[in-house]
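# Tertiary structure, described
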Amino acid sequence: MPLLSDTPHQPDLRNEAANVQWGGRFTAGPSVVMQEINASIGFDRKMWRQDIRGSLAHAAMLAKLGILSGEDEAAIRSGMAAIAAEIDAGRFPFEEALEDIHMNIEARLTERIGDAGRRLHTGRSRNDQVATDFRLWVRDAIDGLSAQITDVMAALAQVAARHAADPMPGFTHLQTAQPVTFGHHMLAYVEMLARDRGRLADCRRRLNECPLGSAALAGTSFPLDRDMTAAALGFDRPTANSLDAVSDRDFALEFLASAAISAMHLSRLAEEIVIWCSAPYRFIRLSDAFTTGSSIMPQKRNPDAAELVRAKTGRITGALVGLLTVMKGLPLAYAKDMQEDKEPVFDAADAWALGLAATAGMVRDMTPDTARMAEFAGSGFATATDLADWLVRVLKLPFRTAHHVTGRLVARAEALGVDLAGLSLAEMQAVEPGITAEVFGVLTVAASVASRTSYGGTAPRNVAAQATRWMEALA
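Read on for an overview of the structure. (Residues numbered from 1 in each chain as written. Predicted model: local features only at pLDDT ≥ 70, side-chain atom pairs only at ≥ 80, totals over all residues. Heavy atoms only, no water.)

## A few points about a nonpolar patch on the surface
Short version of the rule: Patches here: salt-bridge-free residues with over 30% relative accessible area, like charges joined within 9 Å, nonpolar side chains (Val, Leu, Ile, Met, Phe, Trp, Tyr) joined within 5 Å. Residue-level accessible areas treat just the shown protein chains as cover; the underlying method is Shrake-Rupley with a 1.4 Å probe. When a carboxyl oxygen of Asp or Glu lies within 4 Å of a side-chain nitrogen of Lys or Arg, that pair is called a salt bridge. In DSSP terms, a helix is any run of H or I states spanning at least four residues, a strand is any run of E spanning at least two, and both are numbered starting from the N terminus.
On the surface, Leu217, Leu243 and Leu332 cluster together into a nonpolar patch covering about 270 Å² of accessible area. Among the structural elements, Leu243 can be located in helix α10 (residues 242-247).

As structure tokens, this is what we get:
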């Protein structure tokens, strides 16, 4: 392929009186309203690093194939370095009239290096350019968020190791169910976050195909080396269908779905922190670092960090629903509707990152009141299941029969205002004559948690082993 020949003078993209992008086809500029609704530079400037990376990879490939001269590629590389420095320093002249980050950078490059900047767009379109930039941005976000998830998991595992044997009430329906340990409870969230991290890894693997070179929708007549640009940008391979490449936003939707699920997990933990901090519970205490006061009630210590983590879930879920709605009716290939893809992703990523940071901070900050948790661990007849299990194991009663017997004993204890261990042996034998004094050994909280030795159970030895396994894996 011969080098591109010098072209006649082209108007400066920044000073053209007509539409700054389209030049010869349009003879008048856009209305103010059209310019405002059409421009995305206010938010897509976040992708400037990715845009420059993509352009440099494209230029290197064009130069290798002889489509660009070595001099032009060197000028592009030098010009892009200067532009990156300008943006980093906050001195770049972003212009709404140039619509987006791609044209802002290209126009500035052309100002600096002349026709070499105009040749950069050979063999590509803004359609494949934005698809590439956006994948790169989401991929970078995934890497950062995965590291944050790992940090929260590590914080939870460390708390679990310290409190592997400290009992607390376990709940179903927010009613006391059975005793568990605080460490076991913390490890439940480690498991949730591990799945969140796995979803991000899956999302990254699927998005890691490079659209660059698909051009507007049909590919290009230039003999591009798409494998070269894909490799240069860290993608596994180029996309296989040019129509799909420029119109696919599954990667953004999958990212938002992963974000929404993870935010839901963070919200569940935040809700428990809010409950545990409340006066009726007082299971944990947060320091001044993660609480606020009241403008009128001097005694208040509000768990606002947890409440805001809980609230961010609405923003993130809304971002997913919003983008699904944008994409649901779009025919192939690209449509301007897709400009609405970035703001929800950027916003969700920021909200998710902040929620993860706040959660890691609260987990490391909280001080559990282990004595109070232990006091309540046996409340609400929490060892009733242990009694039923003893009846099955020792007296060989069918479980349903044991369940019925235990229910009658709970009713008797409730009527007397005592817990199960407070019933006399005679009172128990009045319901089931086979019960012996041995039963009292299973009615303590300590005995209850120690007995749950099945894999994944709350027995302190189990919890300590799982916490150690996670800490080693996360390290």
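So, next bit.
## Quick look at helix α13 (residues 342-365)
Heads up, the rule is: A helix is expected to reach a length of 1.5 Å times the quantity of its residues less one. Relative accessibility under 20% of the residue-type maximum defines a buried residue, over 50% an exposed one, and the middle range a partly exposed one, all with a 1.4 Å probe and only protein chains included.
Taking 1.5 Å of rise per residue, the 24 residues of α13 would be expected to cover 34 Å, and the 34 Å separating its terminal C-alpha atoms lies within 8% of that figure. Along α13, 17 of the 24 residues are buried, which leaves the element largely enclosed by surrounding structure.

## Side note on the side chain of Asp386
The line we're drawing: N or O atoms closer than or at 3.5 Å make up a polar contact, with two conditions inside protein: a donor-capable atom paired with an acceptor-capable one, and, for residues adjacent in sequence, both atoms drawn from side chains. For this analysis, residues touch if any pair of their heavy atoms sits within 4.5 Å.
Considering the arrangement of structural elements, one finds Asp386 in helix α15 (residues 384-395). A residue is classified by how much of its surface remains accessible, and Asp386, at 5% relative accessible area, is buried. Among the polar contacts made by the side chain of Asp386, one reaches the side chain of Arg452 at a distance of 2.7 Å. Not counting residues within four places of it along the chain, the set of residues in contact with Asp386 comprises Val442, Ser448, Ser451 and Arg452.

## Points about empty space enclosed by the protein
To be explicit about the condition: Grid spacing is 1 Å over the protein atoms alone, the probe is 1.4 Å, and a cavity is where that probe fits but cannot get out, while a pocket is an open set with protein on both sides within 12 Å along at least five of seven lines and lining residues have an atom within 4 Å of a point. Grid points are joined across faces, edges and corners, and a volume is the space filled by probe spheres set on the points. Each residue gets one of three labels, nonpolar for Ala, Val, Leu, Ile, Met, Phe, Trp, Tyr, Cys and Pro, charged for Asp, Glu, Lys and Arg, and polar for the others, Gly among them.
Inspection of every chain in the model, using the stated rule, returns 2 cavities of 30 Å³ or more. For the largest cavity, the calculated volume is near 40 Å³. Here the lining of the largest cavity is composed, by residue class, of 5 nonpolar, no polar and 1 charged. By volume, the second largest cavity is sized at about 30 Å³. Lining the second largest cavity, in full, are Ala263, Leu266, Val309, Lys312, Ile316, Ala351, Trp352 and Gly355.

## Concerning the pairing of strand β2 (residues 175-181)
Applicable threshold: DSSP-based pairing: two strands are paired if at least 2 bridges between them are found.
Across 6 bridges, strand β1 (residues 167-172) lies against β2 in antiparallel orientation. By the bridge assignment for β2, Phe171 is matched with Thr176.

## A few points about the packing of aromatic side chains
One pair of aromatic rings is described through two measures. These are the centre distance and the angle between the planes. Definition in use: Pairs were defined over the aromatic rings of Phe, Tyr and Trp, the Trp ring being its six-membered one, requiring ring centres within 6.5 Å. Orientation was assigned from the angle between planes: stacked under 30 degrees, edge-to-face over 60, tilted for the rest. Sitting over a ring, as applied to charges here, requires NZ of Lys or CZ of Arg to be within 6 Å of the ring centre and within 35 degrees of the ring normal.
Scanning the entire structure with this criterion turns up 9 aromatic pairs. Taking 6.3 Å as the distance between ring centres and 85 degrees as the angle between the ring planes, the aromatic pair formed by Phe134 and Phe346 counts as edge-to-face. One end of the pair, Phe134, is in helix α7 (residues 126-162); the other, Phe346, is in helix α13, with 212 residues separating them in the sequence. On the basis of relative accessibility, which here comes to 0%, the residue Phe134 falls in the buried class. Taking the ring centre of Phe94 as reference, the NZ or CZ of Arg45 above it sits at 4.1 Å. Positioned over the ring face of Phe134 is Lys342, at 5.4 Å from the centre of the ring.

## Considerations on the packing of helix α8 (residues 182-207) against helix α11 (residues 250-277)
Rule in force here: Interaxial angles span 0 to 180 degrees and are taken between N-to-C directions of axes, which are lines fitted to C-alpha atoms, for helices over the stretch in contact. Roughly parallel refers to an angle under 35 degrees, roughly antiparallel to one over 145, roughly perpendicular to one between 65 and 115, and oblique to any angle outside these ranges. Left-handed is the label given to a crossing in which the near helix is rotated counterclockwise from the far helix by less than a right angle, and right-handed is the label when the rotation is clockwise.
Where α8 meets α11, the closest approach of the two axes is 8 Å, and the angle between their N-to-C directions is 170 degrees. When the axis of α8 is compared with that of α11, the two are roughly antiparallel. Judged by the twist between their axes, the crossing of α8 over α11 is left-handed. Residue classes in the contact of α8 with α11 are distributed as 14 nonpolar, 4 polar and 8 charged.

## Focus on the packing of α7 against α13
Between α7 and α13, whose axes approach to 9 Å, the crossing angle comes to 15 degrees. By the angle between their axes, α7 is roughly parallel relative to α13. α13 is crossed by α7, and the crossing has left-handed handedness. A per-class count over the contact of α7 with α13 returns 19 nonpolar, 3 polar and 3 charged.

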